[in-house]
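A structural walkthrough
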Amino acid sequence: MEKLKQKRWLELALYVAILVGISFGLVYLLQYLGAYFNISEGGLATTAYLVVFITTLVSNASIIVPVPIFVAVMITAARYWDPVIVALVASSAGTLGEITGYYAGYLGKKIIVSEATPGYEKLVGWMKRYGTLAIFLLSLQPVLPFDIAGLISGASRIPLWKFVLACWAGKFPKYLVGCYLGGAVLHLLPPLPF
(Lines give C-alpha, C1' and ligand atoms only; values in the text may rest on other atoms or scores of the structure.)
Protein backbone atom coordinates (compact mmCIF):
# COMPACT_ATOMS: atom_id res chain seq x y z
CA MET A 1 0.00 0.00 0.00
CA GLU A 2 2.83 2.35 0.87
CA LYS A 3 4.53 1.66 -2.46
CA LEU A 4 1.27 2.45 -4.28
CA LYS A 5 0.97 5.82 -2.51
CA GLN A 6 4.60 6.58 -3.25
CA LYS A 7 4.07 5.66 -6.91
CA ARG A 8 1.01 7.95 -7.15
CA TRP A 9 2.93 10.89 -5.68
CA LEU A 10 5.76 10.17 -8.09
CA GLU A 11 3.32 10.14 -11.03
CA LEU A 12 1.78 13.40 -9.82
CA ALA A 13 5.21 15.01 -9.51
CA LEU A 14 6.08 13.79 -13.00
CA TYR A 15 2.84 15.27 -14.40
CA VAL A 16 3.58 18.61 -12.75
CA ALA A 17 7.17 18.61 -14.04
CA ILE A 18 6.00 17.81 -17.57
CA LEU A 19 3.35 20.55 -17.46
CA VAL A 20 5.86 23.11 -16.19
CA GLY A 21 8.31 22.08 -18.91
CA ILE A 22 5.66 22.36 -21.61
CA SER A 23 4.59 25.75 -20.24
CA PHE A 24 8.15 27.04 -20.30
CA GLY A 25 8.55 25.73 -23.85
CA LEU A 26 5.32 27.39 -24.97
CA VAL A 27 6.33 30.71 -23.43
CA TYR A 28 9.67 30.67 -25.23
CA LEU A 29 8.01 29.53 -28.47
CA LEU A 30 5.49 32.36 -28.23
CA GLN A 31 8.26 34.89 -27.55
CA TYR A 32 10.28 33.58 -30.48
CA LEU A 33 7.37 33.57 -32.92
CA GLY A 34 6.28 37.04 -31.83
CA ALA A 35 9.77 38.40 -32.39
CA TYR A 36 10.36 36.50 -35.63
CA PHE A 37 7.09 37.54 -37.26
CA ASN A 38 7.02 40.95 -35.54
CA ILE A 39 3.57 40.36 -34.03
CA SER A 40 2.47 42.21 -30.92
CA GLU A 41 0.95 40.33 -27.99
CA GLY A 42 -2.31 42.25 -28.42
CA GLY A 43 -2.66 41.02 -31.98
CA LEU A 44 -2.71 37.40 -30.80
CA ALA A 45 -5.23 37.76 -27.95
CA THR A 46 -8.28 36.48 -29.84
CA THR A 47 -6.32 33.57 -31.26
CA ALA A 48 -4.90 32.75 -27.83
CA TYR A 49 -8.35 32.66 -26.23
CA LEU A 50 -9.58 30.43 -29.06
CA VAL A 51 -6.62 28.06 -28.59
CA VAL A 52 -7.29 27.94 -24.84
CA PHE A 53 -10.97 27.20 -25.52
CA ILE A 54 -10.32 24.42 -28.04
CA THR A 55 -7.53 22.66 -26.08
CA THR A 56 -9.52 22.82 -22.84
CA LEU A 57 -12.70 21.57 -24.54
CA VAL A 58 -10.94 18.63 -26.18
CA SER A 59 -8.93 17.78 -23.04
CA ASN A 60 -12.02 17.75 -20.84
CA ALA A 61 -14.11 15.86 -23.41
CA SER A 62 -11.87 12.82 -23.04
CA ILE A 63 -13.37 10.28 -20.69
CA ILE A 64 -11.14 8.65 -18.06
CA VAL A 65 -7.84 9.28 -19.88
CA PRO A 66 -6.30 12.47 -18.42
CA VAL A 67 -5.15 14.96 -21.06
CA PRO A 68 -3.62 17.81 -19.02
CA ILE A 69 -1.99 19.70 -21.92
CA PHE A 70 -4.65 22.41 -21.62
CA VAL A 71 -3.15 23.44 -18.27
CA ALA A 72 0.13 24.38 -19.93
CA VAL A 73 -1.69 26.26 -22.70
CA MET A 74 -3.90 28.04 -20.17
CA ILE A 75 -0.98 29.07 -17.96
CA THR A 76 1.04 30.26 -20.94
CA ALA A 77 -1.89 32.36 -22.18
CA ALA A 78 -2.37 33.80 -18.68
CA ARG A 79 1.22 35.03 -18.73
CA TYR A 80 0.52 37.32 -21.68
CA TRP A 81 -3.20 38.08 -21.51
CA ASP A 82 -5.82 38.72 -18.84
CA PRO A 83 -5.81 35.71 -16.46
CA VAL A 84 -9.47 36.28 -15.54
CA ILE A 85 -10.57 36.04 -19.18
CA VAL A 86 -8.29 33.03 -19.73
CA ALA A 87 -9.82 31.30 -16.68
CA LEU A 88 -13.35 32.23 -17.82
CA VAL A 89 -12.74 30.83 -21.31
CA ALA A 90 -11.03 27.70 -19.97
CA SER A 91 -13.69 26.99 -17.34
CA SER A 92 -16.49 27.43 -19.87
CA ALA A 93 -14.77 25.10 -22.34
CA GLY A 94 -13.90 22.62 -19.61
CA THR A 95 -17.50 22.50 -18.43
CA LEU A 96 -18.75 21.95 -21.97
CA GLY A 97 -16.18 19.19 -22.39
CA GLU A 98 -17.35 17.43 -19.24
CA ILE A 99 -20.82 17.05 -20.76
CA THR A 100 -19.47 14.05 -22.73
CA GLY A 101 -18.97 12.14 -19.48
CA TYR A 102 -22.36 13.26 -18.21
CA TYR A 103 -24.14 12.00 -21.33
CA ALA A 104 -22.18 8.76 -21.35
CA GLY A 105 -23.53 8.12 -17.85
CA TYR A 106 -26.99 9.43 -18.74
CA LEU A 107 -27.30 7.11 -21.70
CA GLY A 108 -26.28 4.19 -19.50
CA LYS A 109 -23.10 3.25 -21.27
CA LYS A 110 -20.32 1.74 -19.20
CA ILE A 111 -17.18 3.34 -20.57
CA ILE A 112 -14.13 1.87 -18.87
CA VAL A 113 -15.53 2.57 -15.38
CA SER A 114 -17.09 -0.38 -13.60
CA GLU A 115 -18.25 -1.03 -10.08
CA ALA A 116 -14.85 -2.67 -9.51
CA THR A 117 -13.08 0.70 -9.86
CA PRO A 118 -11.50 1.64 -6.50
CA GLY A 119 -13.65 4.17 -4.67
CA TYR A 120 -16.58 3.83 -7.08
CA GLU A 121 -19.18 2.83 -4.49
CA LYS A 122 -18.04 5.58 -2.12
CA LEU A 123 -18.31 8.17 -4.89
CA VAL A 124 -21.77 6.94 -5.93
CA GLY A 125 -22.99 7.27 -2.34
CA TRP A 126 -21.48 10.73 -2.05
CA MET A 127 -23.06 11.86 -5.33
CA LYS A 128 -26.50 10.55 -4.29
CA ARG A 129 -26.26 12.18 -0.89
CA TYR A 130 -24.80 15.58 -1.80
CA GLY A 131 -25.65 15.99 -5.52
CA THR A 132 -24.56 19.36 -6.90
CA LEU A 133 -22.35 20.10 -3.88
CA ALA A 134 -20.40 16.92 -4.70
CA ILE A 135 -20.10 18.00 -8.33
CA PHE A 136 -18.87 21.43 -7.26
CA LEU A 137 -16.28 20.04 -4.82
CA LEU A 138 -15.03 17.42 -7.26
CA SER A 139 -14.62 19.98 -10.04
CA LEU A 140 -12.88 22.37 -7.62
CA GLN A 141 -10.13 19.95 -6.61
CA PRO A 142 -7.22 19.45 -9.04
CA VAL A 143 -6.10 15.90 -8.28
CA LEU A 144 -8.93 13.38 -8.77
CA PRO A 145 -10.27 12.84 -12.29
CA PHE A 146 -13.67 14.46 -12.65
CA ASP A 147 -14.87 12.08 -15.38
CA ILE A 148 -16.24 9.50 -12.95
CA ALA A 149 -18.34 12.23 -11.29
CA GLY A 150 -19.73 13.19 -14.70
CA LEU A 151 -20.60 9.57 -15.48
CA ILE A 152 -22.29 9.10 -12.11
CA SER A 153 -24.12 12.45 -12.41
CA GLY A 154 -25.57 11.39 -15.72
CA ALA A 155 -26.45 7.92 -14.49
CA SER A 156 -28.09 9.47 -11.40
CA ARG A 157 -30.15 11.70 -13.71
CA ILE A 158 -29.02 14.92 -12.06
CA PRO A 159 -30.48 17.66 -14.31
CA LEU A 160 -27.97 18.85 -16.90
CA TRP A 161 -28.30 22.51 -15.91
CA LYS A 162 -27.44 21.68 -12.28
CA PHE A 163 -24.47 19.60 -13.41
CA VAL A 164 -23.19 22.36 -15.73
CA LEU A 165 -23.64 25.11 -13.16
CA ALA A 166 -21.94 23.20 -10.34
CA CYS A 167 -19.14 22.03 -12.63
CA TRP A 168 -18.43 25.54 -13.91
CA ALA A 169 -18.63 27.00 -10.38
CA GLY A 170 -15.84 24.63 -9.33
CA LYS A 171 -13.70 24.92 -12.43
CA PHE A 172 -13.61 28.73 -12.63
CA PRO A 173 -11.89 29.39 -9.27
CA LYS A 174 -9.57 26.40 -9.80
CA TYR A 175 -8.49 27.68 -13.20
CA LEU A 176 -8.25 31.26 -11.95
CA VAL A 177 -5.84 30.23 -9.19
CA GLY A 178 -3.92 28.14 -11.72
CA CYS A 179 -3.66 31.09 -14.12
CA TYR A 180 -2.38 33.47 -11.45
CA LEU A 181 0.04 31.01 -9.82
CA GLY A 182 1.27 29.58 -13.11
CA GLY A 183 1.55 33.04 -14.64
CA ALA A 184 3.57 34.23 -11.63
CA VAL A 185 5.99 31.32 -12.02
CA LEU A 186 6.35 31.94 -15.76
CA HIS A 187 7.05 35.64 -15.17
CA LEU A 188 10.25 34.55 -13.46
CA LEU A 189 11.59 33.32 -16.82
CA PRO A 190 14.18 35.53 -18.44
CA PRO A 191 13.18 36.92 -21.85
CA LEU A 192 14.83 35.60 -24.97
CA PRO A 193 17.76 37.74 -26.15
CA PHE A 194 16.29 39.09 -29.40
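Per chain, residues are indexed from 1 in the order of the written sequence. Confidence filtering applies because this is a predicted model: local features only for residues at pLDDT of at least 70, side-chain atom pairs given and counted only at 80 or more, and all residues used for totals across whole chains, interfaces and linings. Excluded from the side-chain calculation are hydrogens and water; included are all heavy atoms of the structure.

Examining the overall build of the protein chain
Helix and strand content of the protein chain: eight helices and zero strands. Working definition: helices are DSSP H or I runs of at least four residues, strands are E runs of at least two. Numbering for both runs from the N terminus. Ordering the α and β elements of the protein chain from the N terminus gives α-α-α-α-α-α-α-α. Each residue gets one of three labels from its accessible area relative to the maximum for its type: buried under 20%, exposed over 50%, partly exposed in between, using a 1.4 Å probe on protein chains only. Looking at the 194 residues of the protein chain, the share that counts as buried comes to 38%. Between two residues, a contact is recorded if the distance between any of their heavy atoms is within 4.5 Å. Partitioning the contacts of the protein chain with sequence separation of at least 6, the portion at a separation of at least 24 is 82%. Note on areas: these come from Shrake-Rupley sampling with a 1.4 Å probe, and a residue is covered only by the protein chains present in the view. Put simply, the protein chain shows about 11,200 Å² of open surface, and 72% of that area lies on carbon and sulfur atoms.

With respect to the packing of helix H2 (residues 45-61) against helix H3 (residues 69-80)
An axis is simply a line fitted to the C-alpha atoms; with a helix, the fit covers only the stretch in contact. Between two such axes, the angle follows the N-to-C directions and lies from 0 to 180 degrees. Close contact between H2 and H3 brings their axes to 8 Å; oriented N to C, the two are set at 160°. As judged from the angle between their axes, H2 and H3 are roughly antiparallel. Our pair here, H2 against H3, has a crossing hand that is left-handed. Note on element contacts: H3 touches H2 through Ile69, Phe70, Val73, Met74 and Ala77, opposite Val51, Val52, Thr55, Thr56, Ser59 and Asn60. For this classification, under 35 degrees means roughly parallel, over 145 means roughly antiparallel, 65 to 115 means roughly perpendicular, and everything else is oblique. We call a crossing left-handed when the near helix sits turned anticlockwise from the far one by less than a right angle, and right-handed when that turn is clockwise.

Quick notes on the nonpolar core
In this structure, Tyr49, Val52, Met74, Trp81, Val86, Tyr175 and Cys179 are the most contacted members of the largest nonpolar core, which totals 18 residues. Elements with a minimum of two residues in this core: H2, H3, helix H4 (83-106) and helix H8 (160-186). Here this core takes six residues from H3, the largest share from any one element. Those residues in contact with Tyr175 that sit more than four places away from it in its chain are Thr56, Asn60, Phe70, Met74, Ala87, Ala90 and Ser91. Residues enter a nonpolar core if they are buried and are Ala, Val, Leu, Ile, Met, Phe, Trp, Tyr or Cys, with the set joined through side-chain atoms within 4.5 Å. Counting residues in each nonpolar core, the second largest holds 13 residues, with Met127, Ala134, Phe146 and Phe163 among its members.

Brief notes about helix H6 (residues 132-140)
Regarding H6, the residues found buried are Ala134, Ile135, Leu138 and Ser139. Viewed end-on, H6 has its buried residues packed into an arc of 125°, placing them on one side of the element. Arc definition: it is the arc formed by the directions from the helix axis to the C-beta atoms.

Digging into the packing of aromatic side chains
Aromatic rings from Phe, Tyr and Trp, with only the six-membered ring used for Trp, were paired whenever their centres fell within 6.5 Å, and each pair was classed as stacked if the ring planes differed by under 30 degrees, edge-to-face if by over 60, and tilted otherwise. Tallied over the entire structure, the rule returns six aromatic pairs. Relative to Trp81, the ring of Tyr80 lies with its centre 5.6 Å away and its plane at 55°, an arrangement referred to as tilted. The exposure classification of Tyr80 matches that of Trp81, with both residues buried. Arranged with centres 6.0 Å apart and planes meeting at 80°, the rings of Tyr103 and Tyr106 form a pair that is edge-to-face. Placement of the pair is Tyr103 and Tyr106 together in helix H4, with a separation of three residues, close to one helical turn. On the basis of relative accessibility, which here comes to 36%, the residue Tyr103 falls in the partly exposed class. Taking the relative accessible area as the measure of exposure, Tyr106 reaches 34% and is therefore partly exposed.

So, the packing of H4 against helix H7 (residues 147-155)
One way to put it is that H4 packs onto H7 with a least axis distance of 6 Å and a crossing angle of 45°. The orientation of H4 with respect to H7, classified from their angle, is oblique. Pair H4 / H7 crosses with right-handed handedness. In this structure, H4 contributes Glu98, Gly101, Tyr102, Ala104, Gly105 and Tyr106 to the contact, and H7 contributes Asp147, Gly150, Leu151, Ser153, Gly154 and Ala155. Each residue is assigned to one of three groups, with Ala, Val, Leu, Ile, Met, Phe, Trp, Tyr, Cys and Pro labelled nonpolar, Asp, Glu, Lys and Arg labelled charged, and all others, Gly among them, labelled polar. Looking at side-chain class alone, the contact of H4 with H7 contains five nonpolar, five polar and two charged residues.

Points about the confidence of the model for the protein chain
Confidence scores labelled pLDDT are given residue by residue by the predictor and lie between 0 and 100. Predicted confidence across the protein chain gives a mean pLDDT of 78, with 79% of residues reaching 70 or more. Summarising per-element confidence for the protein chain, the mean pLDDT is lowest in helix H1 (residues 2-36) (72) and highest in H4 (89).

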